[in-house]
Amino acid sequence: MAKQIVVNPITRLEGHGKISIFLDDKGDVSRAYFQIPELRGFENFLVGRQAEDAPQITSRICGVCPTAHHTAATKALDDLFKVDPPETAKKIRELIYTIFMLEDHSLHLFFLGGPDFVVGPTAPKAERNILGVIQKVGLDIGKRVIAMRKDLRGIITELGGKVIHPVFGLPGGVAKGVTEEARDRFKEVADRGVEFALFCEELLEDVVLGNEDYVKMITSDAYTHRTYYMGLMDSKDRVNFYEGKIRVVDPSGNQVERFPVEQYQEYIAEHSEPWTYVKFPYLKKLGWKGFVDGEESGIYSVAPLARLNASEGMATPKAQELYEKFYETLGGRPVHHTLANHWARVVEIVYAAERFHELINDPEIIGTDIRTIPTETPKEGIGVVEAPRGVLIHHYKSDEQGILTGANLLVATQHNSARIAMSVDKAARAMIKGGVVDDGILNQVEMAFRAYDPCHACATHSLPGHMPLKIRIFDQNRSLIREIRRDG
Amino acid sequence: MKLEVFEPRIVAFVCNWCTYIAADAAGVARARYASNVRLIRTMCSGRIDPQFIMSAFEKGADGVLMCGCHPGDCHYREGNYKALRRYILLKRLLPQLGINEDRLRLEWISASEPEKFRRVADDITEQIRQIGPLIENGGE
Amino acid sequence: MADKPKVAFYWCASCGGCEEAVVDLAEEILDVVEAVDIVFWPVALDFKVEDVEAMEDGSIAVSFINGAVRLSEQEEMAHLLRQKSQLVIAFGSCSHLGGVPGLANLWDKASIFDYYYVSGPTVEHGENIEVPEVKIEVPEGTLELPEFWDEVKSLDQVVKVDYYLPGCPPTVKIVSNAIKAILSGDLPPPGSVLAGTRALCYECPLNDSKPEKLLVKEIKRVHEVEIDPETCLLAQGLLCLGPVTRGGCESLCIEGHMPCTGCFGPLDEVLDQGAKGLSFLSSIIDADEEEEILQILDKVPDPVGVFYRYSLPRLSLTSKKEVKLGG
Ligand code: SF4
Ligand code: SF4
Ligand code: SF4
Ligand code: FES
């Protein structure tokens, strides 16, 4: 009874991510493939564009994390035009960026990944959504989440023109400064932001860590991979979203690389497979060894858990406390359990809120020197940020007129694509036995990749990744015998 | 694509006050000009909207000619300068779209220059014949 | 209950920003949910395509579709929703005009694949170059991928569209006004764009500083100058597309101290946004000599990216090809 199960997002029919699971004649999984079926070609059509337009063009790669692309592109332009923005401009960029991280991470916590935990991974699908979360935690909290999101996004709109596809980034600075009046308003939001972040943390502790079953699930083998980890670190090797060096640690947590982004090509290479449009980056020195984990394999991971694993700590006090607690509870650094991403994300929510608070209370934030006008001839530039979903690198080349002649984008989710593919395969093997497939089981398979908060808009420079799934089960003659449908 | 003889289709947007008269005279004097060129009369070269030019190419023209009064002679004073600026920008745009910029040409031809009109018409026809047809992708 | 109008939302090749824009309606979304019966919204609700297929033709009052069309499945879905809906609304500039990702029409599939899988700077491959295929045999069976098209299309190049919601993405106000207009049946003639009817300049806070007859001797690129946020950007020589862009966004980019790049699309009667923009620029350059004009235009090295930023797929010219006749 060889079967093929196709877990397919109904959102775009075939046009999104899908999981195809092949069963052997015992009904066990012989292999699960995670396929990304789209690609858009931004690198090609950036060629010929005016360099200064890149931040606004590349933000259209993804409407979920436009600020990440916008900022990475802007930093690449600093490098391309060889300009150093004034301190105030850097701080304004980091301010906007941090607010964006806070907002995006909490969106994930409440709307996307959270429901699996708060409501329960095998709860009826109708409840496994934001409404289910609100029911569980109370309407007031739901309203508070919505209001917080609105306030945070309001600040980005005010400083960046638009929240979806902002316009603040220019080589050498930002287009708009922060007035004293605005600063005072934002300060109040920052105060609430910190409270909100701590509340997220409590919620996670109550609902998730208070429940033994969840902890068991987090640490279960099905969701565990020993890979390398990569993240952007400050000079003391603490997590930084906006700038620093890229640090890589091995599966035992030892630093193996620490390099400025300009050298990324020496460390990272990309592999492709004929069955998916997404590429698989790996550590160049180790080489591509296939979809396997361990010291020998060049597969690495990015995003919250990887960032924490690749770091020595957090740069703000509360976040540092939580960082310590995180590793204490889970048995020391590094943690290899994919589902710990949710908790790591909460540690980062607290860091983002504290950093927002620091930046808005920095007297320099209301400085008026926000631009350094480029004077050098542009040639080549590389920029990096930590997107919510991991290291994001933009690399441009241009002619003397500042017309782009080449572009290379290494996008957050893409770095995780090999590990995600492995996670899905492993989770499927652990969950599906003897041909027994039900909705809860499939959700757990899906959780294996939802924990990464994969954004496939980014990965293929195409589409966002929060998707409901359609499951199709075929018998050995490939005729449809059953269909299951679940929400994203 | 097998084309024994390629007869280019050329659209000429001509100013009512100068080139149109010249073209008319060229026709009357039987100083035959290439029949590939089809005239569209506008009140001034300044009225030749870039949308007309793009749409001419979209609808099957292999070449487009813009004609107006000599600099300083435009009846509306600066229509032809506007045409010149549009022409320069369009020449920059067309290659970006993968289209040979020589498919577009601007000429100043006064009412008293039917001979020039004939020469230009023949010349662009020959030039486009050299460049080759512009066809819908997918066509063989 | 039965009287509530049925509404569907769908996304084609979208960056997700248009979906976020709907989420940004925040509390207002609850009012919408009150007033209508949402029958299809893949991102948020559990209804199957089969459910839509089973509906009577025309039984959905209105379908909102965002994203451009690049895959056959998207085209099929657009046709299905067209058949089942009284009104189809193109939501956002990708659906309206093809959008930023439509700039991909300057390239074909072969060159995109070559760069992405073969020649890109970080791509590594051995003897065998693994380029994705539509159907591929793996040891366990057969896997399929959708076909990647050469071209991105706007929604109305695929199905008839009744109304357009402009913007990349549309603003909360535009969306909520449109929903109200649809619910009350107070709609302009079919084919209308549901936003302002006048140019952005009319609602721009800097309009007072815009000279009556605007002429520029110099154009500046945004990174080259300090931008004065109190003066009309065009008057400062920055190429602001406000005069040829539909109003209704409440001057978002201008409020961010940056020029308008035209995401709300052209004004009524203008079919070719790019050609219109180009024509507009030609009319404000204050020079008559070729040399001088060329010199000013040095600062506009990429007319396609500037004027067709959001609407290239509407220009069928990109699908033409040059033919070289043999000897
Ligand atoms: S219109 Fe803009 S926001 Fe909407 S899908 Fe297209 S690129 Fe994204
Ligand atoms: S040109 Fe731009 S800045 Fe000037 S009034 Fe119009 S929209 Fe405003
Ligand atoms: S100012 Fe222009 S580009 Fe910016 S949102 Fe408004 S219409 Fe779109
Ligand atoms: S009247 Fe002939 S060009 Fe203006």
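All of the points below concern the structure found in this document. (Residues numbered from 1 in each chain as written. Chains lettered and ligands numbered in written order. Predicted model: local features only at pLDDT ≥ 70, side-chain atom pairs only at ≥ 80, totals over all residues. Heavy atoms only, no water.)

### Overview of the pairing of strand β4 (residues 85-91) of chain C
Looking down a regular strand, the side chains alternate between one sheet face and the other.
Residue and element names in this part refer to chain C.
For step 1, the next point in the chain: Burial runs high along β4: 6 of the 7 residues are buried.
For step 2, the next point in the chain: Summarising the sheet, β4 and strand β7 (residues 163-165) pair through 3 bridges and their orientation is parallel. By the bridge assignment, Ile 89 is partnered in β7 with Tyr 163. (Buried < 20%, exposed > 50% of the residue type's maximum accessible area, 1.4 Å probe, protein only. Helix = DSSP H or I, 4+ residues; strand = E, 2+ residues; numbered from the N terminus. Pairing = 2+ DSSP bridges.)

### Quick notes on unusual backbone geometry
For step 1, the next point in the chain: In the segment running from Arg 333 of chain A into Pro 334 of chain A, the intervening peptide bond is cis, with an omega of -5 degrees.
For step 2, the next point in the chain: Summarising the element assignment, Pro 334 of chain A is placed in the loop between α12 (317-330) and α13 (341-360).
For step 3, the next point in the chain: Following Cys 168 of chain C, the chain continues to Pro 169 of chain C via a peptide bond in cis, the omega torsion being -5 degrees.
For step 4, the next point in the chain: Inspection of the secondary structure assignment puts Pro 169 of chain C in the loop between β7 and α7 (172-184).
For step 5, the next point in the chain: Positioned with a positive phi, Ser 251 of chain C is a non-glycine residue whose angle comes to about 55 degrees.
For step 6, the next point in the chain: With respect to the element layout, Ser 251 of chain C can be found in the loop between α7 and α8 (252-255).
For step 7, the next point in the chain: Owing to a relative accessible area of 0%, Ser 251 of chain C belongs among the buried residues under this scheme.
For step 8, the next point in the chain: Despite not being glycine, His 257 of chain C has its phi angle at roughly 65 degrees, a positive value.
For step 9, the next point in the chain: Following the sequence through the fold, His 257 of chain C ends up in the loop between α8 and α9 (273-284).

### Details of α13 of chain A
For step 1, the next point in the chain: Taking 1.5 Å of rise per residue, 20 residues should cover 28 Å, and α13 of chain A covers 28 Å from first to last C-alpha, within 8% of that figure.
For step 2, the next point in the chain: Extensive coverage of α13 of chain A is indicated by the burial of 18 of its 20 residues. (Expected span 1.5 Å × (residues − 1).)

### A closer look at the side chain of Ser 59 of chain A
All names here are of chain A.
For step 1, the next point in the chain: Positionally, Ser 59 belongs in the loop between α2 (54-58) and α3 (66-80).
For step 2, the next point in the chain: Residue Ser 59 is classed as buried on the basis of its relative accessible area, which comes to 0%.
For step 3, the next point in the chain: Among the polar contacts made by the side chain of Ser 59, one reaches the main-chain carbonyl oxygen of Gln 56 at a distance of 3.3 Å.
For step 4, the next point in the chain: In terms of polar contacts, Ser 59 uses its side chain to reach the side chain of His 165, at 2.8 Å. (Polar contact = N/O pair within 3.5 Å; in protein donor to acceptor, adjacent residues only side chain to side chain.)

### Side note on the nonpolar core
For step 1, the next point in the chain: Judged by nonpolar contacts, the single largest core of 227 residues is most densely connected at Phe 326, Phe 356 and Tyr 396 of chain A together with Phe 64 and Leu 281 of chain C.
For step 2, the next point in the chain: Other than its neighbours up to four places away in sequence, Phe 326 of chain A contacts Leu 305, Leu 308, Val 335, Ala 340, Trp 343 and Ala 344 of chain A.
For step 3, the next point in the chain: If you look at the next biggest cluster of nonpolar residues, it comprises 24 residues, including Met 77, Ala 78, Leu 81 and Val 161 of chain C. (Core = buried A, V, L, I, M, F, W, Y, C linked by side-chain atoms within 4.5 Å. Contact = heavy atoms within 4.5 Å.)

### A few points about the sheet that holds strand β13 (residues 390-398) of chain A
Residues and elements named next belong to chain A.
For step 1, the next point in the chain: One open sheet holds the 3 strands; their spatial order is β12-β13-β14, and the pairing between them is antiparallel. At either margin of the open sheet sits one strand with a lone partner, and together these are β12 (380-387) and β14 (404-410). Going across the sheet, the axis of each strand differs from the next one's by a mean of 15 degrees, ignoring polarity.
For step 2, the next point in the chain: Where β12 meets β13, 8 bridges bridge the pair, whose relative direction is antiparallel. Among the inter-strand pairings, Glu 386 is bridged to a residue of β13, identified as Val 391. (Axes fitted to C-alpha atoms, helices over the stretch in contact; angles between N-to-C directions.)

### Some thoughts on the interface of chain A and chain C
For step 1, the next point in the chain: Between chain A and chain C, the contact holds 97 residues from the first and 86 residues from the second.
For step 2, the next point in the chain: Contact between chain A and chain C buries roughly 7,600 Å² in total, counting both sides, with carbon and sulfur atoms accounting for 57%.
For step 3, the next point in the chain: Here chain A and chain C share 8 salt bridges between them.
For step 4, the next point in the chain: Taking the shortest distance from any N to any O, the salt bridge between Asp 302 of chain C and Arg 49 of chain A comes out at 2.7 Å. (Buried area = accessible area lost by both parts, 1.4 Å probe. Salt bridge = Lys/Arg side-chain N within 4 Å of Asp/Glu carboxyl O.)

### Some points on the packing of helix α3 (residues 79-96) of chain B against helix α10 (residues 290-297) of chain C
For step 1, the next point in the chain: The interhelical angle for the contact between α3 of chain B and α10 of chain C, taken along N-to-C directions, is 50 degrees, at an axis separation of 10 Å. By the criterion of interaxial angle, the relationship of α3 of chain B to α10 of chain C is oblique. Crossing geometry of α3 of chain B relative to α10 of chain C is assigned as right-handed. Along the contact surface, α3 of chain B presents Leu 84, Arg 85, Ile 88, Leu 89 and Arg 92 of chain B, while α10 of chain C presents Glu 290, Ile 293, Leu 294 and Leu 297 of chain C.
For step 2, the next point in the chain: Of the residues contributing to the contact of α3 of chain B with α10 of chain C, the split by class is 6 nonpolar, no polar and 3 charged. (Parallel < 35°, antiparallel > 145°, perpendicular 65-115°, else oblique. Left-handed = near helix turned anticlockwise from the far one by under 90°. Nonpolar A, V, L, I, M, F, W, Y, C, P; charged D, E, K, R; others polar.)

### Quick notes on the site of ligand 2
For step 1, the next point in the chain: The full set of residues close to ligand 2 is Cys 201, Cys 204, Asn 207, Lys 210, Cys 232, Leu 233, Leu 234, Cys 240, Gly 242, Pro 243 and Ile 254 of chain C.
For step 2, the next point in the chain: Among the residues forming the shell around ligand 2, the class breakdown is 8 nonpolar, 2 polar and 1 charged. (Near = heavy atom within 4 Å.)

### A word on the environment of Pro 388 of chain A
Residues and elements named next belong to chain A.
For step 1, the next point in the chain: With respect to the helices and strands, Pro 388 occurs in the loop between β12 and β13.
For step 2, the next point in the chain: Judged by its relative accessible area of 2%, Pro 388 is buried.
For step 3, the next point in the chain: Excluding residues that lie within four positions of it along the chain, Pro 388 makes contacts with Cys 65, Ala 68, Tyr 97, Phe 100, Met 101, Asp 104, His 105, Ala 303, Pro 304 and Arg 307.

### Details of the site of ligand 3
For step 1, the next point in the chain: In the region of ligand 3, the neighbouring residues are Lys 162 of chain A together with Leu 200, Thr 245, Cys 249, Cys 253, Cys 260, Thr 261, Gly 262, Cys 263 and Phe 264 of chain C.
For step 2, the next point in the chain: Near ligand 3, the surrounding residues belong to chains A and C.
For step 3, the next point in the chain: In terms of residue class, the shell around ligand 3 is made up of 6 nonpolar, 3 polar and 1 charged.

### A few points about the packing of aromatic side chains
Describing an aromatic ring pair means giving the distance of the ring centres and the angle of the ring planes.
For step 1, the next point in the chain: Inspection of every chain in the model, using the stated rule, returns 22 aromatic pairs over all chains.
For step 2, the next point in the chain: Aromatic side chains Tyr 33 of chain A and Trp 275 of chain A sit 4.9 Å apart centroid to centroid with 80 degrees between the ring planes, which places their arrangement in the edge-to-face category. Residue Tyr 33 of chain A is found in strand β3 (residues 29-35), and its partner Trp 275 of chain A is found in the loop between β9 (268-271) and β10 (280-283); the two are separated by 242 residues along the sequence.
For step 3, the next point in the chain: Residue Tyr 33 of chain A is classed as buried on the basis of its relative accessible area of 1%.
For step 4, the next point in the chain: Between the aromatic rings of Phe 326 of chain A and Trp 343 of chain A, the centroid separation amounts to 5.0 Å while the plane-to-plane angle is 70 degrees, which identifies the pairing as edge-to-face. Of this pair, Phe 326 of chain A sits in helix α12 while Trp 343 of chain A sits in helix α13, and the two are 17 residues apart along the sequence. Both residues of the pair, Phe 326 of chain A and Trp 343 of chain A, count as buried.
For step 5, the next point in the chain: Three or more aromatic residues joined by ring pairs make a cluster, and in this case those are Phe 22, Tyr 33, Trp 275, Phe 280, Tyr 282, Trp 288 and Phe 291 of chain A.
For step 6, the next point in the chain: For Lys 279 of chain A, the ring lying beneath its charged end belongs to Tyr 116 of chain C, and the centroid distance is 3.8 Å. (Phe/Tyr/Trp six-rings, centres within 6.5 Å; stacked < 30°, edge-to-face > 60°. Lys NZ or Arg CZ within 6 Å of the ring centre and 35° of its normal.)

### A look at the pattern of salt bridges
For step 1, the next point in the chain: The full count for this structure, using the stated rule, is 54 salt bridges over all chains.
For step 2, the next point in the chain: Lys 91 of chain A is the partner of Asp 362 of chain A in a salt bridge, and the nearest nitrogen-oxygen pair spans 3.0 Å. Of the two residues, Asp 362 of chain A sits in the loop between α13 and β12 while Lys 91 of chain A sits in helix α4 (residues 87-112), which places them 271 residues apart along the sequence.
For step 3, the next point in the chain: Since its relative accessible area comes to 19%, Asp 362 of chain A is described here as buried.
For step 4, the next point in the chain: Across the pair Arg 153 of chain A and Asp 24 of chain C runs a salt bridge, and its minimum N-O distance is 2.8 Å. Of this pair, Arg 153 of chain A sits in helix α7 (residues 139-160) while Asp 24 of chain C is found in the loop between α1 (17-23) and α2 (28-35), placing the two residues in two different chains. As far as burial versus exposure is concerned, Arg 153 of chain A and Asp 24 of chain C are alike and both buried.
For step 5, the next point in the chain: Residues joined by salt bridges that share partners form a network here, namely Glu 103, Arg 149 and Arg 153 of chain A together with Glu 20 and Asp 24 of chain C.

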